[in-house]
Every structure is written in C-alpha cells, then in structure tokens.
Amino acid sequence: MDAIRIGHGYDVHALQEGLPLVIGGVVIEHEKGFVAHSDGDVLAHALSDALLGALSLGDIGLHFPDTSGEWKGADSMELLRQVYGMVTSRGWTLANADMTVLMQRPKLRPHIDRMRENIARTLDVPVDKVSVKATTEERLGFTGAEQGAAAHAVVLLVRR
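Residues numbered from 1 in each chain as written. Predicted model: local features only at pLDDT ≥ 70, side-chain atom pairs only at ≥ 80, totals over all residues. Heavy atoms only, no water.

Caption draft 1: View of the packing of helix H3 (residues 76–89) against helix H4 (residues 109–123). For the pair H3 and H4, interaxial distance at closest approach is 9 Å and the crossing angle is 40°. With respect to H4, the element H3 is oriented oblique. In the crossing of H3 with H4, the sense of the turn from one axis to the other is right-handed. Of the residues in H4, those in contact with Met77, Leu80, Arg81 and Tyr84 of H3 are Asn118, Ile119, Arg121, Thr122 and Leu123. In terms of residue class, the contact of H3 with H4 is built from five nonpolar, two polar and two charged. (Axes fitted to C-alpha atoms, helices over the stretch in contact; angles between N-to-C directions. Helix = DSSP H or I, 4+ residues; strand = E, 2+ residues; numbered from the N terminus. Parallel < 35°, antiparallel > 145°, perpendicular 65-115°, else oblique. Left-handed = near helix turned anticlockwise from the far one by under 90°. Contact = heavy atoms within 4.5 Å. Nonpolar A, V, L, I, M, F, W, Y, C, P; charged D, E, K, R; others polar.)

Caption draft 2: Up close: the pattern of salt bridges. Using the criterion set out here, one finds seven salt bridges in the structure. Note that arginine 105 is salt-bridged to glutamate 31, the shortest N-O span being 2.3 Å. Of this pair, arginine 105 sits in the loop between strand E5 (92–102) and H4 while glutamate 31 is found in the loop between strand E3 (26–28) and strand E4 (32–34), placing the two residues 74 residues apart along the sequence. Linked by salt bridges that have partners in common, Glu31, Arg105, Arg139 and Glu146 make up one network. (Salt bridge = Lys/Arg side-chain N within 4 Å of Asp/Glu carboxyl O.)

Caption draft 3: Focus on helix H1 (residues 42–54). For H1, with 13 residues, the first-to-last C-alpha span of 18 Å sits near the 18 Å given by 1.5 Å per residue. Most of H1 is tucked away: twelve of the 13 residues are buried. Inspection of H1 places Val42, Leu43, Ala44, His45, Ala46, Leu47, Ser48, Asp49, Ala50, Leu51, Leu52 and Ala54 among the buried residues, and these make up the whole buried set. Structurally, the start of H1 carries an N-cap: the backbone nitrogen of leucine 43 is 3.1 Å from a side-chain oxygen of aspartate 41. Just downstream of H1 lies serine 56, where phi reads positive at about 55°. (Expected span 1.5 Å × (residues − 1). Buried < 20%, exposed > 50% of the residue type's maximum accessible area, 1.4 Å probe, protein only. Polar contact = N/O pair within 3.5 Å; in protein donor to acceptor, adjacent residues only side chain to side chain.)

Next comes the structure, spelled out in structure tokens:
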C-alpha cells in the first residue's frame, strides 16, 4: 500500500482591467483581475489540481466545471476546502505544499503571509506545511507582459 503520493498542479488566467484580483484567498488592490468562471484564484486552483492529481482524481474542471452555473463566481478557497475533503476522506493528509505564483505586477511579497495563513486555515493544517513564493518572469511571456498570471503547486500527501 502506498505511504506517500506526490501531485503537481498548474493554473493560468488572463488579466483584465476592472476585475477583482484574488490570490490565495487574498483580495489584492490592482487595476487588473482574473477573467474566470469562478473568482479565478490561480493559486487555489493549482493547489486543488495538485491534491487531486496526487490521488488520480482528475482535475478541478472535472469536479467544478465552468459549464455549470453552480460554480459561477465561486470562492476558490471553498472549492479547495471541498477538494481537500476528498483527500482526507480517502485516508490521506498533507505533508507539505510548495507553490509559486508567476506574475509581473503587483508585487506579491506583502501578501504572501496572508496567503499561507488562508490556505493553512482552509486545509486545517499548520502554516509551516504551506509554502508560497512569487516570481516575475523578467517581463518575458504572457505573465511578463501582464496579460495573465500562473501558478504551480506541488504537494506531498501521506497516509493517516
């Protein structure tokens, strides 16, 4: 029987003026926000996909399709809570999560501690199990051109 499982998640959303910017459950003041069916929280989406992927449970779109009105404007932290419920109900728990947000602006460092706290609270784990980092791509690609943002997440799950 497996004792550990690893999962990776990736998410990307376009940015558009006048929309709210929510990352890691933190509303960040910025002129642009995510174009998305839900609140577009790329960090919560990447983490959800990593958790689902570790247990071969598909991806966030399978469980919360953007074709369903039920998930229109959904709080991605609530979706993350539901995903983690799928994980724990199968006898697994989070050993750690390591995540990176790729975004040119705004600077995310002032918000990272709150992101970590929000995610840890949502998953009911100690904050030291949650790592969030941010990087620009030195003005390269779609994130560097401020057309969108992306996030990667890697998780390690252990049997309870």
